[in-house]
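Report on the structure
Chain residues, written in single-letter form:
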Amino acid sequence: MRRLFDHIREKLSVRYEPSECESISFLIFEHILGYSRLQVHLKKDETIPDAKVTEIEEILNRLVEGEPIQHILGKADFFGLTFYVNPHVLIPRQETEELVDWIINENKLAAPEILDIGTGSGCIPVSLAKNIPDAEVSAYDISAEAISIANQNAKNNAVSIRTRQVDILQWEAVSIDKTFDIIVSNPPYVKEEEKKLMQEHVVSHEPHLALFVSNDDPLIFYRRIAEFAQQHLSPEGTLYFEINEALGHETVSLLQENGFNNVTLRKDINGKDRMICATR
Ligand code: GLN
């Protein structure tokens, strides 16, 4: 086992940082052999059956080609929960966990009505439903595939959320007879011109629909969601966004121009402008 572990790390080192190689190696052992990190250490002298070694080699080849480990294993960890993911939805990010944590910590309401716009895998609404008692959680996405994955993730994590296929840029065309106490969104925010700065495995394996916006109007989702919120956020309600780190101040101004008087910009753990909370 020790030798196999070293072999995996070496093979992955062509594409990943040492710390990533290590964490991916543990994920592979857990998936193929069912071993925890501790068991990998304790059983280091054990011989792994050939069939399992072959399965591990197949995974390694896909990883070296650039396929994300979450797609190969069909799952991603987020906020202590497990989410099914495939190329139709964004792989949940740590920055988004920070946003979810912020919402949970700030919420003072009992049984709030919550809406997540552009839900993808459903990682935001499912985590909120799991952690805010009696929350009524809704989730919109333009993509039918995403809606079906979000439903599946709600079911797998034993919470109930109401999903609906909505193109938020066309929200006036949809009949919505509700107001929400919390509206949250992690919309597409990477400018086309920033694509070349992104990791290749993100650009080639994750949905462009969820990632990219045109250079001409990169805040289009924020503007349309702010307009939607004017109609559908309760007077005391709060709007939360994940944002492009390079557009923090522009996004704050846009919200102020759209009637949000109290806007807070917050950095992620890497010190980048990453999220906003806004009230009227
Ligand atoms: N933070 C994501 C990335 O860098 C982008 C998420 C988004 O566009 N909403 O890949």
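Just so it is clear, the model here is predicted, and its values are computed rather than measured. (Residues numbered from 1 in each chain as written. Predicted model: local features only at pLDDT ≥ 70, side-chain atom pairs only at ≥ 80, totals over all residues.)

Attention now goes to the packing of helix α1 (residues 2–12) against helix α2 (residues 18–33). The contact between α1 and α2 brings their axes to 9 Å, and the two run at 130°. Classed by the angle they form, the pair α1 and α2 counts as oblique. Along this stretch, α1 crosses α2, giving a crossing that reads as right-handed. Taking contact as the criterion, the partners of Phe 5, Ile 8, Arg 9 and Leu 12 in α1 are, on α2, Cys 21, Glu 22, Ile 24, Ser 25 and Ile 28. (Axes fitted to C-alpha atoms, helices over the stretch in contact; angles between N-to-C directions. Helix = DSSP H or I, 4+ residues; strand = E, 2+ residues; numbered from the N terminus. Parallel < 35°, antiparallel > 145°, perpendicular 65-115°, else oblique. Left-handed = near helix turned anticlockwise from the far one by under 90°. Contact = placed C-beta atoms within 7 Å.)

Turning next to the pairing of strand β4 (residues 136–141). For β4, a buried count of five out of six residues is recorded, marking the element as mostly surrounded by other parts of the structure. Where strand β3 (residues 113–117) and β4 come together, five bridges link them in parallel fashion. Across the sheet, the residue bridging to Ile 114 is Val 137, located in β4. Each parallel crossover has a hand, and the one from β3 via helix α7 (residues 123–131) to β4 is right-handed. (Buried ≥ 20, exposed ≤ 12 C-beta atoms within 10 Å, placed from the backbone. Pairing = 2+ DSSP bridges. Right-handed = clockwise from strand over helix to strand, strands pointing away.)

Time to look at the UniProt feature "binding site: S-adenosyl-L-methionine" (unreviewed entry) in the protein chain. The sites that UniProt annotates as "binding site: S-adenosyl-L-methionine" (unreviewed entry) are Gly 118, Thr 119, Gly 120, Ser 121, Gly 122, Asp 141 and Asn 186. A compact arrangement is adopted by the annotated residues: their sequence extent is 69 residues, whereas the largest C-alpha distance between any two is 11.7 Å. The residue Gly 118 is located in the loop between β3 and α7 in this model. Look at Gly 118 and you get buried, because 24 C-beta atoms sit within 10 Å. Sequence-distant contacts of Gly 118, defined by excluding residues within four places in its chain, comprise Asp 141, Ile 168, Ser 185, Asn 186 and Pro 187. Mapped onto the secondary structure, Asn 186 falls in the loop between β6 (180–185) and β7 (190–191). (UniProt positions renumbered as here; feature names shortened; annotations may be inferred.)

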